[in-house]
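Chain by chain, the residues:
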Amino acid sequence: MAVVEITGVSKRYGDVPAVENFNLTTKDGEFVVLVGPSGCGKTTTMRMIAGLESVTEGSIRIGGRDVVGMIPKERDVAMVFQNYALFPHMNVFGNLSFGLRLRKVAESEIKEEVHKAAKILNIEHLLARKPRELSGGERQRVALGRAIVRKPKVFLMDEPLSNIDAKLRVEMRAEISKLQRRLAVTTFYVTHDQVEALSMGDRVVVMLKGHIQQVGTPKELFNSPSNRFVAGFIGSPSMNFVRARVGPQGAVAAGDNFHLILPSGLFAAVARRGLDQVWVGIRPEHLKLDRGTPTDDNLIRSVVEVVEPQGSTTIMQLSVGSETRLIAQFNEQLDREPGTPLTLSVAPESIYLFDPATDESIR
Amino acid sequence: MERLEKAGIRSERAFKYAMLAPAVLWVVGFTFFPIFSAINYSFANYVLGRGITRYVGLQNYINVLSDGGFWYSLFITLIFVVVSVPIEVALGFLLAWMITVGPPGKGLFRAIFIAPLFTMEVAIGYLGVTMFTSQGGMVATLLSWIGLEVPWMATASGGLAAAILLDIWQWTPFVFLMALAALAAIPNDIYDAATLEASNHWQVLWHVGLPLAWPVMTVAILLRLIEGLKTFGLPFALTSGGPGTSTQLFSIKDYLTTIQFFDFGRGSAMGILYLIMVSVVITVFFQQMRKRLE
Amino acid sequence: MENLLWINSKRRTKAILYVVAIIAVLWVLAPFVWAINNSFKTLEATFSTGAVIPFLNFQPTLDSWKEVLGNPNALSSMLNSAVVALGTTLLVLILGTPAAYSLARYEFVIGSKDIALWFLSQRVLPPVVVLVPFYVLMVKLRLLDSWTGLILAYSTFNLAFCVVIMRDIFRDVSKEVEEAARIEGANLWQIFWMIALPLSLDGLIVTAVIVFSFSWNEALFASALTSQDAATLPSFILASRSTRGVDFNVAAVNTILAIAPPVIMSFFVQRYLARGLSFGAVKG
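In this convention, every chain numbers its residues from 1, walking through the sequence in written order. Lettering of chains starts at A and numbering of ligands starts at 1, both following the order in which they are written. Only residues with pLDDT of at least 70 are given local features in this predicted model, and only at 80 or more are side-chain atom pairs given and counted; all residues enter the totals for whole chains, interfaces and linings.

## A look at the overall build of chain C
Rules: Numbering of helices and strands runs from the N terminus; a helix is a DSSP stretch of H or I covering at least four residues, while a strand is a stretch of E covering at least two. We call a residue exposed when 12 or fewer other C-beta atoms sit within 10 Å of its C-beta, buried when the count reaches 20 or more, and partly exposed for counts in between; the C-beta positions come from the backbone.
Counting its regular elements, chain C contains 15 helices and zero strands. On the principal axes, the C-alpha backbone points of chain C span a range of 70 × 65 × 35 Å. In chain C, which comprises 284 residues, the proportion classed as buried is 47%.

Right under this line is the structure:
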C-alpha cells in the first residue's frame, strides 16, 4: 500500500518528447487508469514508474521514497505485461515464485505464498504446467499471480486484456477489479479502450501525445470533458462535433438545418470569449426524435443515410445539409428508410461547446 | 474441371522434382560416389601412375591402426578441440551477453568482431608464424615486456597453444554471432519481467538469458565441434605439423600421407577410420545435447 | 528504445563493459594491425625495438608490396582464386536455390529433420577423406590443375550450405503473395523467378558471400588439385611459407591480399549473417 506522487515527469528521446509534465498524486489503494490512443505516452509513463525507462525530468515517489534512479527491484512494484511475459522455461510455480526466489525468501514461505496467490486466482491445479500448455486466460492469471505473490506497493498493468477475446475480457475486467479491491494495492492500469477505462478506474487519466488531457472520475470525464479530445474519446459511439456560427439571440447555427438555442449561461460564456464560431458537441444518445412544428427554430433537420439496428437500440448515420454528418443512438428499435427526413432536438443541458482555437470546453 | 485439376497437380509434381533434381544428382554423383570410392581405395594398393594394382583387404587399416603416429594425431586433435571449443563457446557467449546488455554501438562492434570469420586460414597461419616466432614476433615481444618467454614455435605444446589461440581468435566470433542472435530473439518483455526482480544483469543472464539461449548454443557447440575436428589450414600453415610431426593434427597427417607420400590406400583407410570415429563422437554428443534439452 | 539492462546497471558495471568491449576490439584488430604495419616496413624496421607498436617511427615503404605483387605467381593465383570463387558461387546458387525452393514449398517423403541431418552429416565428413577420390577423378577427367576441377569440388562442399540457408529463407516468403501471383496467371517457374527470388535477395547475397569466402579461403583441395596453372591464393601462400620461411613482410602482404575481399564483403551482409552461418538455427 502506498501513495504514488508523480511530479513534473517528462521523458524525451533526444529531442523527441514522449511524455511531458506528468503530474498525479494517487490515493492509497486507488485504481488509476491511463488511457489514450497509441503513442500517447501512457505505457512510457508506467514504465518510468516501474524503473524500466529512465526519467528525463521530474520525480516519482512511492510511499514517500523518491525512486528515480533506483533499480526496479528496489522500488517494490509488480507488473503485468500485455503479452504476459511468462518465463517459458519455468513451470507456473517457477513463474510465480521467481521474485521471491530472487529475494532469497525461505522455501517454506515461498510455497505458502505461491499457493495462496494461486488459490485466489484459481490456478492451483496448474502449478506444475508450463506456460505453453496453458490457454490465454490461464496465462493471464499466472501473470497476475506473479504480480500479487510478492505483495508489492504498486501494481502496474500494461493492457493485460488486449490479447483476450471480447467475451472473456468482460469477465476478466470484473475479476481484476474485484482482486484489486480485495488486495487494496495502488494500481496503475494502461489501456487504449475507453470502455475498459470507465468501467474499472477510480480515476482516469486521459493522455494525448505525451500530455495529460484530463484527470477525473469516469463520471466527471463523461459529463464534463475539459476539451474536445476528451469529449470525443470518452463515450461510445463518440460525440458528434459540428462547427457552428454564433448567432444573435443566444443560438448557434450551421446552415439552414441546424439551429440550436443555448442555455443563457453557456451563451454568456461564449460571448465573454468573443467568439463568432464554436464547435458544438452532442452525444449520439442525446439526439432525440422531435415531431415539432416545421417553423420551430430549435431543431436539427436531417436525412437518414444508414440505419444500424443494434438489438434494443438503433444507431443511425444522418446527414444535415450537405456538409454535416451526425451519428445518433436511439433507445428503441426504429425503422427508417435511407433518404427519409428526420427531425431531431437536443436538450439544452446536453449541448457542449468548444473553443475552435484551443479546443477547450466552454462552460 | 477434374481434368484441369489433375493436370495442375501433375505439373506441380513435375516442377517440384525438376527443381530438386539437379542438386540431388550432383550430391549423388559428387558425394556418395567419392565416399564409396574412398572406401574402395582403402582396401587397395595404389601406385602412382598405375592406379590400383591389387586389393589388400584390411591391410591398410591394420597399418594405420598400428601406426603410433596415427594415434598421436588423434590425441593432438582431441586436445585441440577440447581446449579451443569450450573457450570459444564461453567467450563468445559472454561477449554476446555483454554486448546485449551494454553500450550502444552494437552494430559497429559486431561488424568489426565478425571479420576474423572471413579470413583465410592459411594466411592467418602464416601471419601467425611471424607473430609467434621468438625473434621479433608480436606475441613474443609483448610477452617479453612483462618478462615472460614462451617457446611457441620451438615446441609441440607451444605450437599447439599458438594454433589454439589463433583458432580462438578466428572462431569465437562465430559463437558470438549465434549467441547474439539467440539473445536478441528473447522477447523484450521477458527481459523486462526479469529485470523487475533482479539485482543486476548477471541474475537476468542466469535465470533468463542462458536458459532461453541454450537451444541455440547447443547448435553452436555442435557446429564448432564438427568443424574443429576437421581443422587443417590454420595449423598447417602455422606449424606444418612440426616441429617434426609433433603438432600433426589428424587432417594434416592424412593430407601428408596422401599428397606427399602418395599412399592413397593408406590415406583413404585413415580417412574412413577417422570418419567413423568422428561420427560416433558427434552422434553421442548430439544425443546427450538432445537429452539435456528435455 | 533504450536498452533497459544497460540503464539499470551501476556505473561500475558500465565501466567494466566498456573496457571489455574495447579489449575485445583490440584483440580482434591486433593481427590486422600487425599485418598492415609490417607490410609497409623494411626488413630492419620490422626488427627494430618497438616495432610492435603500430605506426611508431612510421616510414612506409612499398618494397614488400612490390615484391609480392611483382611476382607473376601471386597475381595469377589471385586471379585463379577469384575465378574459382565466382564460378563456385554461381554454380552453387544455380543448383541449390531451385532445390531449396522445392524443399521449402513442397512436401516430400523425407522431412525437415532429415534434411537438417543430411546437412549436418555433410559437415561431419572431413574433406581429407574424399581427397583421394577427387584427385583421381580430376586426373581421369583431365581437370587436374584447372579452374573447372576446383569449381566442381568446391561446389560439392558448398551445395549443402546453399540449400539449407535458402530453404529457410524461402519459407519466410509469404505464401499469400505467391498465391496472388498464381491467381494473376503466373506459372510455377514464374512465381519462383519473379516473386520468390527477388523477395529473397538478402538471403541470396549472404549465401553468395559465404560460398565465395569459403572457396576463396579453401586450402586443402586447392593445394592438392592444382600446381601451376590454376594455383589459387591459399596454394600460393602455402608455397610462400615453405620457400621463404619466416618472412615477416611478405607474410603481412599475403595476409592483406588474402583477407581483404571476404572481410570487406562481410561488412555488407551483417544483417543476415547470423542466420546464414547458423544454417537457419537462429533468425539473426
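## Focus: the overall build of chain B
Test applied: C-alpha atoms define the radius of gyration, and 2.2 Å times the number of residues to the power 0.38 defines the globule rule.
A count of helical and extended segments in chain B gives 12 helices and two strands. If you list the helices and strands of chain B from N to C, you get α-β-β-α-α-α-α-α-α-α-α-α-α-α. Rg of the C-alpha trace for chain B: 25 Å, well past the compact-globule value of 19 Å for 294 residues, more than 25% over. When the backbone C-alpha atoms are referred to their principal axes, chain B occupies close to 85 × 75 × 35 Å. By the burial criterion, 47% of the 294 residues in chain B qualify as buried.

## With respect to the nonpolar core
When a protein is soluble and globular, its nonpolar side chains tend to lie buried together. To keep it simple, the criterion reads: Here, a nonpolar core means buried Ala, Val, Leu, Ile, Met, Phe, Trp, Tyr and Cys residues linked by C-beta atoms lying within 7 Å of one another. For every residue pair, C-beta atoms are placed from the backbone, and the pair is scored as a contact if these atoms sit within 7 Å.
One finds Val 33, Ile 49 and Leu 156 of chain A, Leu 177 and Ala 179 of chain B together with Cys 162 and Val 163 of chain C to be the most contacted residues of the largest nonpolar core, which totals 254 residues. In this structure, Ile 49 of chain A is in contact with Val 4, Ile 60, Val 77, Val 154, Leu 156 and Phe 188 of chain A, ignoring residues within four places of it in sequence.

## Regarding the pairing of strand E16 (residues 300-309) of chain A
All names here are of chain A. Our working definition: Criterion used throughout: strands pair if DSSP finds at least two bridges between them.
Looking at chain direction, E16 and strand E19 (residues 341-346) are connected through four bridges and run antiparallel. The residue bridging Arg 301 from the neighbouring strand is Thr 343, located in E19. Where E16 lies against strand E17 (residues 314-320), six bridges are found, and the strand directions are antiparallel. Bridge assignment links Val 304 to a residue of E17, and that residue is Leu 318. Linking E16 to E17, which pair antiparallel, is a turn of four residues; within it Gly 311 sits at a positive phi near 95 degrees.

## As for unusual backbone geometry
With glycine set apart, most residues show a phi of negative sign, and most peptide bonds adopt trans. Residues and elements named next belong to chain A. Put simply, Ser 236 and Pro 237 share a cis peptide bond, and its omega is 0 degrees. Within the secondary structure, Pro 237 sits in the loop between helix H9 (228-233) and strand E11 (240-247). Phi at Glu 159 takes a positive value of approximately 45 degrees, unusual for a residue other than glycine. Tracing the chain through its elements places Glu 159 in the loop between strand E7 (154-158) and helix H6 (166-183).

## Overview of the interface of chain B and chain C
Note the cut-off: Following the grouping adopted for this structure description, the nonpolar residues are Ala, Val, Leu, Ile, Met, Phe, Trp, Tyr, Cys and Pro, the charged ones are Asp, Glu, Lys and Arg, and the polar ones are all others, Gly among them.
Listed as interface residues are 82 residues of chain B and, on the opposing side, 76 residues of chain C. Here the side of chain B that touches chain C gets 16 residues from one element, more than from any other, and that element is helix H1 (residues 2-42) of chain B. For the side of chain B that touches chain C, the class distribution of residues is 58 nonpolar, 17 polar and seven charged.

## A few points about the sheet that holds strand E4 (residues 57-62) of chain A
Spatially, the four strands line up as an open sheet ordered E2-E1-E4-E5 (chain A), and their pairing is antiparallel. Each edge of the open sheet carries a strand with a single partner, namely strand E2 (16-25) and strand E5 (65-66) of chain A.

## Notes on the confidence of the model for chain C
Put simply, the rule is: Confidence of the predictor in every single residue is expressed as pLDDT, which spans 0 to 100.
Taken residue by residue, chain C gives an average pLDDT of 85. The fraction at 70 or more is 92%. Interface confidence for the predicted complex, given as ipTM, is 0.87, next to a pTM of 0.87.

## Overview of the domain arrangement of chain C
When the parts of a complex come together, some accessible area is lost, and that lost area is often taken as the interface size. Residues and elements named next belong to chain C. Heads up, the rule is: Domain limits in this description derive from either an automatic procedure or a database domain assignment.
If you check the domain split of chain C, you get domain 1 (4-61) and domain 2 (77-277). Placing a centre on the C-alpha atoms of domain 1 and another on those of domain 2 gives a separation of 33 Å. Tallying the contact residues gives seven residues for domain 1 and six residues for domain 2. Mapped by element, the contributors of at least two residues to the side of domain 1 that touches domain 2 are helix H2 (11-39) and helix H3 (43-47). No other element matches H2, which puts four residues into the side of domain 1 that touches domain 2.

## Some details on the domain arrangement of chain B
All names here are of chain B. When cut into domains, chain B gives domain 1 (2-60) and domain 2 (62-293). A separation of 32 Å is found between the C-alpha centroids of domain 1 and domain 2. On the domain 2 side, the residues contacting the 12 residues of domain 1 number 11 residues. The set of elements that each furnish at least two residues to the side of domain 1 that touches domain 2 consists of H1, strand E1 (44-47) and helix H2 (59-65). Residue composition of the side of domain 1 that touches domain 2, by class: eight nonpolar, four polar and no charged.

## Re the sheet that holds strand E20 (residues 352-354) of chain A
All names here are of chain A. Strand order in the open sheet formed by six strands is E13-E12-E11-E14-E20-E21, and the pairing between neighbours is antiparallel. Two strands lie at the open edges of the sheet, namely strand E13 (259-261) and strand E21 (361-362), each paired on one side alone. Alignment of E20 against E21, held across two bridges, turns out to be antiparallel. Along E21, the bridge assignment pairs Leu 353 with Ile 362.

## Description of the interface of chain B and chain A
Residue-level contacts link 13 residues of chain B with 13 residues of chain A. Contributing elements (two or more residues each) for the side of chain B that touches chain A: helix H8 (188-197) and helix H9 (201-229) of chain B. If you tally residues by element for the side of chain B that touches chain A, the top one is H8 of chain B, at seven residues. By residue class, the composition of the side of chain B that touches chain A is seven nonpolar, three polar and three charged.

## Re the environment of Phe 93 of chain A
Its location among the elements puts Phe 93 of chain A in helix H3 (residues 92-102). Distance from Phe 93 of chain A to Ile 176 of chain A, taken between C-alpha atoms, is 21 Å for residues 83 residues apart in sequence.

## Some points on the environment of Ile 79 of chain B
As for its placement among the helices and strands, Ile 79 of chain B is situated in helix H3 (residues 68-101). Sequence spacing of Ile 79 of chain B and Phe 261 of chain B is 182 residues, and the spatial spacing of their C-alpha atoms is 26 Å.

## As for the packing of helix H8 (residues 147-172) of chain C against helix H11 (residues 201-217) of chain C
Residue and element names in this part refer to chain C. Convention followed: Each axis is a line fitted through C-alpha atoms, taken for helices only over the stretch in contact, and angles between the N-to-C directions span 0 to 180 degrees. Any angle that is under 35 degrees is reported as roughly parallel, and any over 145 degrees as roughly antiparallel; angles of 65 to 115 degrees are reported as roughly perpendicular and all others as oblique. Should the near helix be turned anticlockwise from the far one by less than a right angle, the crossing is termed left-handed; should it be turned clockwise, right-handed.
It is the contact of H8 with H11, at a shortest axis distance of 10 Å, that shows an interaxial angle of 160 degrees. Put simply, H8 runs roughly antiparallel to H11. For the pair H8 and H11, the sense of crossing is right-handed. On H11, the residues that touch Tyr 154, Asn 158, Phe 161, Cys 162, Ile 165, Met 166 and Ile 169 of H8 are Gly 203, Thr 207, Ile 210, Val 211, Phe 214 and Ser 215. Per-class residue counts for the contact of H8 with H11 are nine nonpolar, four polar and no charged.

## Let's talk about helix H5 (residues 72-105) of chain C
Defined as follows: Expected helix span is computed as 1.5 Å times (number of residues minus one). Across the chain, bend at a residue is computed as the angle between axes fitted to the seven residues ending at that point and the seven starting from it.
Helix length check: H5 of chain C, at 34 residues, gives a terminal C-alpha distance of 49 Å against a target of 50 Å (1.5 Å per residue), a fit within 8%. By the largest-angle criterion, Gly 96 of chain C marks the main kink of H5 of chain C, which is about 30 degrees, and a proline, Pro 98 of chain C, follows within four residues.

## Topic: helix H1 (residues 42-50) of chain A
All names here are of chain A. Most of H1 sits out of view: nine of its nine residues are buried. The complete set of buried residues in H1 reads Lys 42, Thr 43, Thr 44, Thr 45, Met 46, Arg 47, Met 48, Ile 49 and Ala 50. In the segment just after H1, Gly 51 is the residue with positive phi, at about 100 degrees.

## Remarks on the confidence of the model for chain B
With 97% of its residues at a pLDDT of 70 or more, chain B has an overall mean of 88. By mean pLDDT, strand E2 (residues 51-55) of chain B is the weakest element of chain B at 81, and H3 of chain B is the strongest at 93.

## Re the packing of helix H4 (residues 106-114) of chain B against H2 of chain C
Taken N-terminus to C-terminus, the directions of H4 of chain B and H2 of chain C make an angle of 30 degrees; their axes are 9 Å apart at the nearest point. If you check the angle between H4 of chain B and H2 of chain C, you find them roughly parallel. The crossing of H4 of chain B and H2 of chain C is left-handed. Contact with H4 of chain B, carried on its side by Phe 109, Ile 112 and Phe 113 of chain B, involves Ala 21, Ala 24, Val 25 and Val 28 of chain C of H2 of chain C and no other residues of that element. Residue composition of the contact of H4 of chain B with H2 of chain C, by class: seven nonpolar, no polar and no charged.

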